[in-house]
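Structure assessment
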Amino acid sequence: MNYIGSKYKLGNFIKETILSVAGSDLSDRVFCDIFAGTGIIGRNFKQEVKKVISNDLEYYSFVLNKNYIENHSPIKNKEIFIEELNNIEPKEEFIFKNYCKGGEGNRQYFSDKNGKKIDAIRTKIKEWKENKKMDDSLYYFLLTSLLEAADKVANTASVYGAYLKHLKKSAQKDLILIPAEYEINNNRHQVFNTDSNKLIKQIKGFILYLDPPYNSRQYGANYHLLNTIAKYDNFIPKGKTGLPEYNKSKYCSKNYVKEEFEELIKNADFKYIFLSYNNEGLMPPEDIKNIMSKYGKLDFASKSYQRFKADKDENRSHLANNTEEYIYILEKN
Ligand SMILES: C[S@@+](CC[C@H](N)C(=O)[O-])C[C@H]1O[C@@H](n2cnc3c(N)ncnc32)[C@H](O)[C@@H]1O
C-alpha cells in the first residue's frame, strides 16, 4: 500500500540499524512497533523475535496488522474463500450509495462497478463472520485482502482527502482480491488498536520502534474510506467528501507533540528505543535530542532517500526530492 510515511523502502536500513545496536540474536526478545501503519517494520521482525507487539490508532491498520503480524499459522482453504469472493454478484450497499457516482452521495471514490463489488464482498465477509463460518484469522486475512484491493482501484490522487473528477486509469480496472499472504511462524504476536501513550503503560519489552506522524496530516482523515470499509458500520456521510468523525492524533499537532512524545519516552519500559523522524517534521531535531537524552544514552543513524509525496498528481508513485531520514537510538537508563 502506498502509505504516507511508509517505511517499506527503508525497511532494510531500519532492520540493520536495530540489529547492529540490539544484537543479532533476538529470539528471546519482545519487539514493539507502536505506530505500525502498514505493519511493514513488525513484519520484518516477525522471524527474528519471540513476540511482535503491533499497534496503531487507526482501525484499518489494526486489520492489516491482525493479518500480517498476528496471523502465524496456515489457514485451510483460504484460496477457496478468495475465489468465491472474486466471483460474487455485485450489490448496491453503503459504499456504492455513498462513495460512487451512481449512488445518492454523488461522490466518486470508486467506479460504480467496484463500489458494488466492495459492498458485495464486505457484506459476505460480515455474513460469514456472523454465521460463525470463520474464525478471526480468516476474517482479518479476507478483510486485509479487500482493503488492499480497494486501495488499488481508489479514484484518488493518493489519499482519501478528496476524489478525482474523472475516473483515472487504475480506478477503471476491476477490483480483484489478491491473497494478503502473511509469514508462517511458531510464535504468538499481539496487535492493538489504541493510543500509543495509553498502551505504553501496559506493555514492556526489549526494542521499541517509534514511527509517529511527523506533520499535521491526520491519518484518520487521509485514509477514512479504508476505515469505513473495514468497520462497515452505519453513519451518515456528510459534505463533499463524506468524511466521518475521525481520530485526531496529538502527534499531528505542533502544540501537543513535544509533550506527548516526552510522555511516551518517559513511560517506555524498553531497553532500546528507535525513533524514525523526518528532518522537516513538527519536532525539530534539537527538541528530539533534548527530550530523548534526558532518559538515557543517545545515538543516531541516517540515510537519504526519495520521499513519497501525496500531491494532486494522478501518478501515485510520484516522488519528491531527496530527504534525510534519521533514526534516533536511545539506550534507556
Ligand atoms: C508514519 S506512519 C507509520 C508508518 C509505518 N511505519 C509503515 O511503514 O507503514 C504513523 C502511524 O501512526 C499512527 N498514529 C498516529 N497517532 C497515533 C497514536 N497516538 N497512537 C498510535 N498510533 C498513532 C497513524 O495512524 C499512522 O499509521
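Conventions adopted
- Residues numbered from 1 in each chain as written.
- Predicted model: local features only at pLDDT ≥ 70, side-chain atom pairs only at ≥ 80, totals over all residues.
- Helix = DSSP H or I, 4+ residues; strand = E, 2+ residues; numbered from the N terminus.
- Rg over C-alpha atoms; globule rule 2.2 N^0.38 Å.
- Buried ≥ 20, exposed ≤ 12 C-beta atoms within 10 Å, placed from the backbone.
- Contact = placed C-beta atoms within 7 Å.
- pLDDT = per-residue confidence, 0-100.
- Axes fitted to C-alpha atoms, helices over the stretch in contact; angles between N-to-C directions.
- Parallel < 35°, antiparallel > 145°, perpendicular 65-115°, else oblique.
- Left-handed = near helix turned anticlockwise from the far one by under 90°.
- Nonpolar A, V, L, I, M, F, W, Y, C, P; charged D, E, K, R; others polar.
- Pairing = 2+ DSSP bridges.
- Right-handed = clockwise from strand over helix to strand, strands pointing away.
- Near = placed C-beta within 6 Å.
- Domains from an automatic or database assignment.
- Core = buried A, V, L, I, M, F, W, Y, C linked by C-beta atoms within 7 Å.

For the protein chain, the helix and strand inventory stands at 13 helices and 7 strands. Its C-alpha atoms give the protein chain a radius of gyration of 20 Å, near enough to 20 Å, the size a compact globule of 333 residues would have. On the principal axes, the C-alpha backbone points of the protein chain span a range of 60 × 40 × 30 Å. Taken across its 333 residues, the protein chain has 43% of its residues classed as buried.

A few words on the environment of Ser-249. Relative to the assigned elements, Ser-249 resides in the loop between α11 (224-231) and α12 (257-267). Note on Ser-249: 22 C-beta atoms within 10 Å, which makes it buried. Each C-alpha atom of the pair Ser-249 and Leu-57 lies 8.2 Å from the other, and the pair is 192 residues apart in sequence. Among all residues touching Ser-249, those that are not within four sequence positions of it are Leu-57, Pro-213 and Gln-218.

Before going further, it helps to examine the confidence of the model for the protein chain. Looking at the protein chain, the pLDDT average stands at 94 and 95% of residues meet or exceed 70. This stretch, residues 311-318, has a pLDDT under 50; its non-local contacts, to residues over four places away or in other chains, come to 11 contacts.

Moving on, we get to the packing of helix α4 (residues 78-86) against helix α7 (residues 136-152). Two elements in contact, α4 and α7, have axes separated by 11 Å at closest approach and are oriented at 45 degrees. Judged by the angle between their axes, α4 and α7 are oblique. As α4 runs across α7, the sense of the crossing is right-handed. Taking contact as the criterion, the partners of Lys-78, Phe-81, Ile-82 and Leu-85 in α4 are, on α7, Leu-138, Phe-141, Leu-142 and Ser-145. Of the residues that constitute the contact of α4 with α7, the class distribution is 6 nonpolar, 1 polar and 1 charged.

Across the 5 residues of strand β2 (residues 51-55), 4 count as buried, placing the element largely inside the fold. As paired strands, strand β1 (residues 30-33) and β2 are joined by 4 bridges and run parallel to one another. The residue of β2 that forms the bridge with Val-30 is Lys-51. Read from β1 through helix α2 (residues 40-45) to β2, the crossover connection turns out right-handed.

Attention now moves to the site of the ligand. Neighbouring the ligand are 23 residues, the closest being Gly-5, Phe-35, Gly-37, Thr-38 and Ser-249. In the shell around the ligand, the residues fall into 10 nonpolar, 8 polar and 5 charged.

Burial analysis of strand β5 (residues 270-278) places 7 of its 9 residues in the buried class, which makes it a mostly covered element. As paired elements, strand β4 (residues 205-210) and β5 share 5 bridges and run parallel to each other. What sits directly across from Gly-205, in β5, is Phe-270.

Accessible area lost upon the coming together of the parts is a frequently used measure of interface size. Taken domain by domain, the protein chain holds domain 1 (1-72 + 190-213 + 252-333) and domain 2 (75-181 + 222-248). Residue-level contacts link 18 residues of domain 1 with 20 residues of domain 2. In terms of residue class, the side of domain 1 that touches domain 2 is built from 8 nonpolar, 3 polar and 7 charged.

The next point concerns the nonpolar core. Among the nonpolar cores identified, the biggest contains 87 residues, and Leu-147, Ile-273 and Phe-274 are the most heavily contacted of them. The element best represented in this core is α7, accounting for 9 residues. Residue-level mapping places this core at the junction of two domains, with at least three residues from each of domain 1 (1-72 + 190-213 + 252-333) and domain 2 (75-181 + 222-248). Apart from residues no more than four positions distant in its own chain, Leu-147 is found in contact with Tyr-60, Val-63, Leu-64, Leu-226, Ile-229 and Ala-230.

With that out of the way, let us pick up the packing of helix α3 (residues 59-70) against α11. Following both chains from N to C, one finds α3 and α11 inclined at 60 degrees, their axes separated by 7 Å at the closest point. Accordingly, the angle class assigned to the pair α3 and α11 is oblique. Contacts from Tyr-59, Tyr-60 and Val-63 in α3 reach Leu-226, Asn-227, Ala-230 and Lys-231 in α11. Considered class by class, the residues forming the contact of α3 with α11 number 5 nonpolar, 1 polar and 1 charged.

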